[in-house]
Protein chains: 2
Amino acid sequence: MTEPLVSIGAPRAERADAARNRQHLLATARAMLAGQGAAALTMDALAEQAGLGKGTVFRRFGSRAGIFQALLDDDERAFQEQVLSGPPPLGPGAPAVDRLIAYGQARIDFLLRNREIARHALDGSQPIPAGSSSPLSRLHIRSLLGQLDLGPADLDVLALQLTAALDAPLLLYLSTETLNTPAPGRPAPAPLDRVSRGWQDLITRIATPGPGPARP
Amino acid sequence: MTEPLVSIGAPRAERADAARNRQHLLATARAMLAGQGAAALTMDALAEQAGLGKGTVFRRFGSRAGIFQALLDDDERAFQEQVLSGPPPLGPGAPAVDRLIAYGQARIDFLLRNREIARHALDGSQPIPAGSSSPLSRLHIRSLLGQLDLGPADLDVLALQLTAALDAPLLLYLSTETLNTPAPGRPAPAPLDRVSRGWQDLITRIATPGPGPARP
DNA sequence: AACGTAAACGGACTTTACCCCGCTTAGTAT
DNA sequence: ATACTAAGCGGGGTAAAGTCCGTTTACGTT
């Protein structure tokens, strides 16, 4: 009886040609995105540009949103790297509050830079992309909150709410137009800066001891 | 010179037949939704069920998401009524903190009850439904925050973040499955209760004086 | 009451996401 | 090497969203 190299449960690795095609499709998608915008990135067009069948595209990514999710995951790898092992305060080594603040600001920046992709990665009739960013974001926030000594708070829920406060403004509420406003007069800071400062303020408030929650 | 009954800028009221059809379509949509779920509510099917042309459906609602937005707006009217002139603490008459807490809990409940519609009202490639719920939610939160004396905070941004913290968990992150969990053992409260308590805790922390924000 | 016009209507047409299934091929066991 | 098989591939087919434009109709004007 030959022993399996990978424990059962892992659905066996992707075949070499499949992996190659995935990479090729992602590269092609990125090129089309850069060249002609998200609207032009249709499944047919992508398949044709890549010289592959449409069925292949769907097999690899499941849906149109899936492609954007894969692109986003890809972009996020570098970002995660910074968070997990980059220099403080984003990486390890700084106090948790500072890391939380830095993380939020970095993520806002990340989402802003990738907002077109991130928006299209939303599915609409599905909770949230499976392997995608958010779970990780939430986990990281959750972990930092755990180091914060907040008394009897429900940290899982708080992390969820903070993740939402971080992502939703850029994903759901702020129009692209608003985000592109290049500071009309002088005193008004770019909306992005405001959101970023807002995050800092929010975390500061939450982390500040205070009398603690009301109910038993 | 006859004077216009409505000031220019208001793009003239909807024609009578149009208004009638809108109502009829909404009613039909609701019936289909109740009878066969959101998936069965296609534009063609709706048009046929209502005995109208497909073009009419699109003219009235713009898109599929638009129908769900209209349904949601409709449902929200009653809710708004409670907020604007119902009994405290949801309605006027209670301290702002209490109203904020009550508002959040009421909205969570509202979103939970209407989650199928709310989810489908999201567009994906568009910031947020124009006349729909969220702006109002944000305005209300903003207004209550204004009565709270939070020092030099950016209340607009804070309101945005709180709106996100309130809506996004139900709209984006929690799976329908999670939301339907009917309390498996005994000690675990329904996820909904946790979110609701989490909101209370969040508001309490924010409203608690504390030393104030860090940066000038 | 007759008229003019902007709005509304209908439904064929186009586009696009997504499904299906017979054929091909990489990877493995003999 | 050869054979076996699960994974991958291709591209035609389906259904549903969204567009267009010629026709009809509400409603203000004369």
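Residues numbered from 1 in each chain as written. Chains lettered and ligands numbered in written order. Predicted model: local features only at pLDDT ≥ 70, side-chain atom pairs only at ≥ 80, totals over all residues.

Undergrad: Even after reading the chapter, I still don't get unusual backbone geometry, so can you show me in this structure?
TA: With glycine set apart, most residues show a phi of negative sign, and most peptide bonds adopt trans. Residue and element names in this part refer to chain A. Note that the residue after Pro 88, namely Pro 89, is joined by a cis bond; omega there is 5 degrees. Mapped onto the elements of the fold, Pro 89 is located in the loop between helix 4 (64-85) and helix 5 (96-113). In this structure, Asp 149 is a non-glycine residue whose phi angle is positive, near 55 degrees. Tracing the sequence through the fold places Asp 149 in the loop between helix 7 (133-146) and helix 8 (155-173). (Helix = DSSP H or I, 4+ residues; strand = E, 2+ residues; numbered from the N terminus.)

Undergrad: Explain the environment of Ser 134 of chain B here, please?
TA: Among the structural elements, Ser 134 of chain B can be located in helix 7 (residues 133-146). With 10 residues separating them along the chain, Ser 134 of chain B and Leu 144 of chain B place their C-alpha atoms 15 Å apart.

Undergrad: Explanation requested: the protein's contact with DNA strand C in the structure shown.
TA: Residues in close proximity to DNA strand C total 25 residues, the closest being Ala 16, Thr 42 and Ser 63 of chain A together with Gly 53 and Gly 55 of chain B. Elements supplying a minimum of two residues to the surface near DNA strand C: helix 1 (16-36), helix 2 (43-50) and helix 3 (54-61) of chain A together with helix 1 (16-36) and helix 3 (54-61) of chain B. For the surface near DNA strand C, the element with the highest residue contribution is helix 3 of chain B, accounting for 5 residues. Taken together, the residues that form the surface near DNA strand C break down as 5 nonpolar, 8 polar and 12 charged. (Near = placed C-beta within 6 Å. Nonpolar A, V, L, I, M, F, W, Y, C, P; charged D, E, K, R; others polar.)

Undergrad: Got a minute to help me understand the relation of the copies chain A and chain B in this structure?
TA: Each of the two chain copies can be brought onto the other by rotation about an axis and movement along it. For the pair chain A and chain B, the superposition axis carries a translation of 0.1 Å, the fit reaches an RMSD of 0.2 Å, and the rotation angle comes to 179 degrees. Read as a symmetry element, the transformation amounts to a two-fold axis. In terms of C-alpha distance to the rotation axis, chain A has Ala 165 of chain A as its closest residue, with the C-alpha 2.4 Å off the axis. A share of 100% of interface residues in chain A that are also interface residues in chain B marks the association as one of identical surfaces. (Least-squares fit on C-alpha atoms with pLDDT ≥ 70 in both. Contact = placed C-beta atoms within 7 Å.)

Undergrad: Any chance you could explain the environment of Leu 160 of chain B here in plain terms?
TA: Within the element layout of this structure, Leu 160 of chain B appears in helix 8 (residues 155-173). On a C-alpha basis, the gap between Leu 160 of chain B and Ser 137 of chain B in space is 9.4 Å, while along the polypeptide they are 23 residues apart. Beyond its immediate stretch of four places on either side in the chain, Leu 160 of chain B contacts Pro 169 and Tyr 173 of chain A together with Arg 138 of chain B.

Undergrad: Help me out: how do you make sense of the protein's contact with DNA strand D in this one?
TA: Around DNA strand D, the surrounding shell holds 24 residues, and the nearest of these are Gly 53 and Gly 55 of chain A together with Ala 16, Met 43 and Ser 63 of chain B. No other element matches the 4 residues that helix 3 of chain A contributes to the surface near DNA strand D.

Undergrad: Would you take a moment to explain the nonpolar core for this structure?
TA: It is characteristic of soluble globular proteins that their nonpolar side chains tend to be buried jointly. Within the largest apolar cluster, 94 residues are counted, with the highest numbers of intra-cluster contacts made by Ala 165 and Ala 168 of chain A together with Ala 165 and Ala 168 of chain B. Residue contacts for Ala 165 of chain B: discarding those within four places in its chain leaves Gln 161, Ala 164 and Ala 165 of chain A together with Leu 202 of chain B. (Core = buried A, V, L, I, M, F, W, Y, C linked by C-beta atoms within 7 Å. Buried ≥ 20, exposed ≤ 12 C-beta atoms within 10 Å, placed from the backbone.)

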